[in-house]
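Report on the structure
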Amino acid sequence: QTVRTFIATIPEPEVAKRLIDAYQGFKRSAAAKNIRWINIANLHVTVRFLGNLTAEQLDQLPHELSLKLAGYQPCSLSFDRIIWFPSEKRPRIIATNFKSCPDFHAIALRAELASRAIGVSPDRRTFRPHLSLGLLKNKGPAPFDLQQPIIDLTMPVQKLSVLRSELTQSGPKYSELFSLSLGN
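Predicted, not measured: the structure shown is a model, and the values here were computed from it. (Residues numbered from 1 in each chain as written. Predicted model: local features only at pLDDT ≥ 70, side-chain atom pairs only at ≥ 80, totals over all residues. Heavy atoms only, no water.)

**A short note on helix 3 (residues 55-69)**
Note on helix geometry: an α-helix contains 3.6 residues per turn, so any two residues three or four positions apart are oriented the same way. Here is the rule: Here a strand is any run of E in DSSP of at least two residues, a helix any run of H or I of at least four, and the numbering for each starts at the N terminus. Expected helix span is computed as 1.5 Å times (number of residues minus one). Bend, at a single residue, is the angle you get between axes fitted to the 7 residues ending at that residue and the 7 residues starting at it. Each residue is assigned to one of three classes by its accessible area relative to the maximum for its type, calculated with a 1.4 Å probe on protein chains only: buried under 20%, partly exposed between the two thresholds, exposed over 50%. Here, residues are in contact when the closest pair of their heavy atoms is within 4.5 Å.
Between its terminal C-alpha atoms helix 3 stretches 22 Å, which fits the 21 Å expected from 15 residues at 1.5 Å a residue. The largest bend along helix 3 reaches roughly 35° and is located at L61, with the proline P62 sitting one to four residues downstream. Buried residues of helix 3: Q57, L58, L61, E64, L65, K68 and L69, and no others. On its buried face, helix 3 sits against strand 1 (3-9), strand 3 (45-53), helix 4 (102-117), strand 8 (159-168) and strand 9 (171-181). Positive backbone phi, approximately 90°, marks G71, located one or two places after helix 3.

Here it is in structure tokens:
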């Protein structure tokens, strides 16, 4: 039996609330009826999707993450703007992206190395950190223009969480399997 998992960083409750509050205008727009908004409890930035892991892989992961992230310090992500992800031409998600953060990219690279060490296939996609706000219900062009600037907000990254993802009819449910504090 396997467990669908991913490594993420989760915004602190006050950051998540400020982010959600800042975008209430989007949620009330007529075009937003085509978006399934993500529950505040599910907000996260995926560092590495791992897929279905065996019990053995899950047992090895805390050690490998600790080993690969030894000495890496907490950092902060600065929100940049709202985007259509993966692109405006093929939007699937409304999300926020972040200003360049080499420290976070280095952490993500180390998480990638830990995942390979437990037998997960390399991720060939370019790492593009983002925080999903909503999922488009239908395929097609972007339902509205995203010209509103993002609020001035930073998200401290003090730990990484390994989350179980259970897909349900009402949407995914996440539960933390374990976490690793940075800087230890």
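There's plenty left to go through after this.
**Some thoughts on the environment of F85**
In this structure, F85 sits in strand 4 (residues 75-85). Along the primary structure F85 and A142 are separated by 57 residues, whereas in three dimensions their C-alpha atoms are 9.9 Å apart. Not counting chain neighbours up to four residues away, the residues in contact with F85 comprise R90, P91, R92, I93, A95, R128 and H130.

Purely spatial values, then, with no claim about function.
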